[in-house]
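Per-entry structural report
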Amino acid sequence: MWDLETAFNNASLLDGVVQGALGELWFHHSRLPNRNRCQALQRARGYLVSRLETAGREVTDDEAAGLHVWLNRVLDAQNDWVACRSWAQKCISRGVLWEHPYQRPGHFLPGLQSQPWHCPRHFELCRRLEASYEAIKAELLALLDVTWGKVGERAAHDGGLISAGEWREVVLLGDSEECFANRQRCPATSNALASRAEATECARLGVGEALFSLLKPHTKLRTHCGPTNIRLTCHLGLIIPEGCYIVAGDQAPRTWEEGKCLVFDDSFEHSVENTSDQSRIILLVNFWHPGISPNDWPARASGVIV
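Here's a quick rundown of the structure. Just so we're clear, the structure is a prediction, and the values are computed from it rather than from any experiment.

1. What about the nonpolar core?
Ranked by size, the top nonpolar core spans 30 residues in total, and within it Leu-129, Phe-212, Cys-234, Leu-283 and Val-285 carry the most contacts. Those residues in contact with Cys-234 that sit more than four places away from it in its chain are Leu-125, Cys-126, Leu-129, Cys-261, Leu-262, Val-263, Leu-283, Leu-284, Val-285 and Phe-287. If you look at the next biggest cluster of nonpolar residues, it comprises 21 residues, including Leu-48, Val-59, Ala-77 and Trp-81.

What follows is the structure in structure tokens.
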């Protein structure tokens, strides 16, 4: 049996740079079909932990940041949130990469205001969406008669967030081939989105998307961190049965209100659950973090993988 202690002991015998590389390779190996995923993740963890613990200050800050990103991916795949936060705190104490143990995106821009929740009243996007709520709701209800995409078909990693139930989507802004047709079906929603460059340019530059998001009854999205802190996420409540919750960071659970927006930073740990017997539907919109100038959006978007 290949346990964590065995993985660490074997890893400590290898050259340091090789340890880090093997950690990355075994993480990728764990994602291949028909592989022993648990064993591959343990090996990846052993190599990465060994490199970080045995090399100390011999590891450059850039290498340490990369190792922490890979180790966080491994620990995330193992659902070991205590270890995720513990290693993130070590990273923060060293002064590289992240600033909060609950905020661990793979791409991180230092210096931005970082908090799990933001006040919707501070954003014109939220005011536009709330003002258009009745029209957006009417377009959503008409969409219930068409086929919704299954989350995970466009991006496999999104499907991996579903720990129970089923998650469906209709994409309006993003990489879906159906975006144009979907926007044609939803002119009021499309006009509201088009009025705010922080949303349209976020999608055009590949940093985010805008979509109707449907969680079927008894669906749960596991705890996870989004890919980058250069964007925020807005949820406009559309159909919200009792028993639906979202948790972000180390804050108490919140719920949605029909016709009202929530804004959070999805680079913080967050999870979602619909415990009801009805579907929960929101309009999800990623938009540029207000701390980044529009002139800098193209440069900041380069290198971000979402």
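Having seen it, we continue.
2. Brief notes about the packing of helix H7 (residues 133–143) against helix H10 (residues 187–194)
Running from N to C, H7 and H10 cross one another at 130°; their axes reach a closest spacing of 8 Å. Judged by the angle between their axes, H7 and H10 are oblique. When H7 is examined against H10, the residues Ala-135, Ile-136 and Glu-139 are found in contact with a partner set consisting of Pro-187, Ala-188 and Thr-189.

3. Quick word on the packing of helix H4 (residues 61–77) against helix H5 (residues 81–94)
H5 packs onto H4 with a crossing angle of 170° between their chain directions and a minimal axis gap of 9 Å. Judged on the interaxial angle alone, H5 and H4 are roughly antiparallel. Packed against H4, whose contacting residues are Asp-61, Ala-64, His-68, Leu-71, Asn-72, Leu-75 and Asp-76, the element H5 presents Trp-81, Ala-83, Cys-84, Trp-87, Cys-91 and Arg-94 at the interface. For the contact of H4 with H5, a count of residues per class yields eight nonpolar, two polar and three charged.

4. So, the packing of aromatic side chains
The geometry of an aromatic ring pair is captured by two quantities: the separation of the ring centres and the angle between the planes. Applying the stated criterion to the full structure yields four aromatic pairs. Ring geometry for Phe-123 versus Phe-287: centroids 5.3 Å apart, planes at 70°, classification edge-to-face. Pair noted here: Phe-123 is in the loop between strand E1 (117–118) and helix H6 (124–131) and Phe-287 is in strand E11 (residues 280–288), with a separation of 164 residues, a long-range link. Taking the relative accessible area as the measure of exposure, Phe-123 reaches 10% and is therefore buried. In this arrangement the basic side chain of Arg-73 is found over the ring face of Trp-70, its NZ or CZ atom lying 4.5 Å from the centre.

5. As for the side chain of Arg-94
Structurally, Arg-94 is set in helix H5. A polar contact of 3.1 Å, which involves the side chain of Arg-94, links it to the side chain of Asp-61.

6. Topic: the side chain of Thr-228
Inspection of the secondary structure puts Thr-228 in the loop between strand E6 (219–224) and strand E7 (231–239). A distance of 2.9 Å separates the side chain of Thr-228 from the side chain of His-107, its partner in a polar contact. One polar contact links the side chain of Thr-228 to the main-chain amide nitrogen of Ile-230, over a distance of 3.2 Å. Excluding residues within four positions of it along the chain, Thr-228 makes contact with Pro-105, His-107, Val-207, Asp-266, Ser-267 and Val-304.

7. Considering the pairing of strand E9 (residues 261–264)
Burial of the side chains of E9 extends over both faces: Cys-261 and Val-263 are buried on one face and Leu-262 and Phe-264 on the other. Direction of pairing for E1 relative to E9: antiparallel, over a ladder of two bridges. Residue Trp-117 lies in a different strand from E9, and its bridge partner there is Phe-264. Note that E7 and E9 share four bridges and pair antiparallel. For Leu-236, the partnering residue across the bridge sits in E9 and is Cys-261.

8. Describing H5
Given a rise of 1.5 Å per residue, 14 residues ought to cover 20 Å, and the 20 Å separating the end C-alpha atoms of H5 matches this to within 8%. Within the sequence span of H5, burial applies to Trp-81, Ala-83, Cys-84, Trp-87, Ala-88, Cys-91, Ile-92 and Arg-94.

9. Re the environment of Ala-155
For Ala-155, the location among the structural elements is in the loop between strand E2 (149–150) and helix H8 (156–159). Its relative accessible area of 18% is what places Ala-155 among the buried residues. Between the C-alpha atom of Ala-155 and that of Val-306, which follows or precedes it by 151 residues, the distance is 9.4 Å.

10. A look at H10
Those residues of H10 lying buried are Thr-189, Ser-190, Ala-192 and Leu-193. Seen along its axis, H10 keeps its buried residues to an arc of 160°; they face one direction. In this structure, H10 carries Asn-191 and Ala-194 as exposed residues pointing more than 90 degrees from its buried face.

11. Thoughts on the sheet that holds E6
As summarised here, the arrangement of the four strands in space is E3-E6-E10-E8, forming an open sheet in which the pairing is antiparallel. The open sheet terminates on both sides in strands that have one partner only, identified here as strand E3 (162–164) and strand E8 (244–248). Taking each pair of neighbouring strands and ignoring which way they run, the sheet shows an average axis angle of 20°. Sheet topology places E3 next to E6; two bridges connect them, and they run antiparallel. Residue pairing for E6: Ile-162 is matched across the bridge by Leu-221.

The rules behind each value
Residues numbered from 1 in each chain as written. Predicted model: local features only at pLDDT ≥ 70, side-chain atom pairs only at ≥ 80, totals over all residues. Heavy atoms only, no water. Core = buried A, V, L, I, M, F, W, Y, C linked by side-chain atoms within 4.5 Å. Buried < 20%, exposed > 50% of the residue type's maximum accessible area, 1.4 Å probe, protein only. Contact = heavy atoms within 4.5 Å. Axes fitted to C-alpha atoms, helices over the stretch in contact; angles between N-to-C directions. Helix = DSSP H or I, 4+ residues; strand = E, 2+ residues; numbered from the N terminus. Parallel < 35°, antiparallel > 145°, perpendicular 65-115°, else oblique. Nonpolar A, V, L, I, M, F, W, Y, C, P; charged D, E, K, R; others polar. Phe/Tyr/Trp six-rings, centres within 6.5 Å; stacked < 30°, edge-to-face > 60°. Lys NZ or Arg CZ within 6 Å of the ring centre and 35° of its normal. Polar contact = N/O pair within 3.5 Å; in protein donor to acceptor, adjacent residues only side chain to side chain. Pairing = 2+ DSSP bridges. Expected span 1.5 Å × (residues − 1). Arc of directions from axis to C-beta.

Without other data, these values stay purely geometric and don't point to any function.
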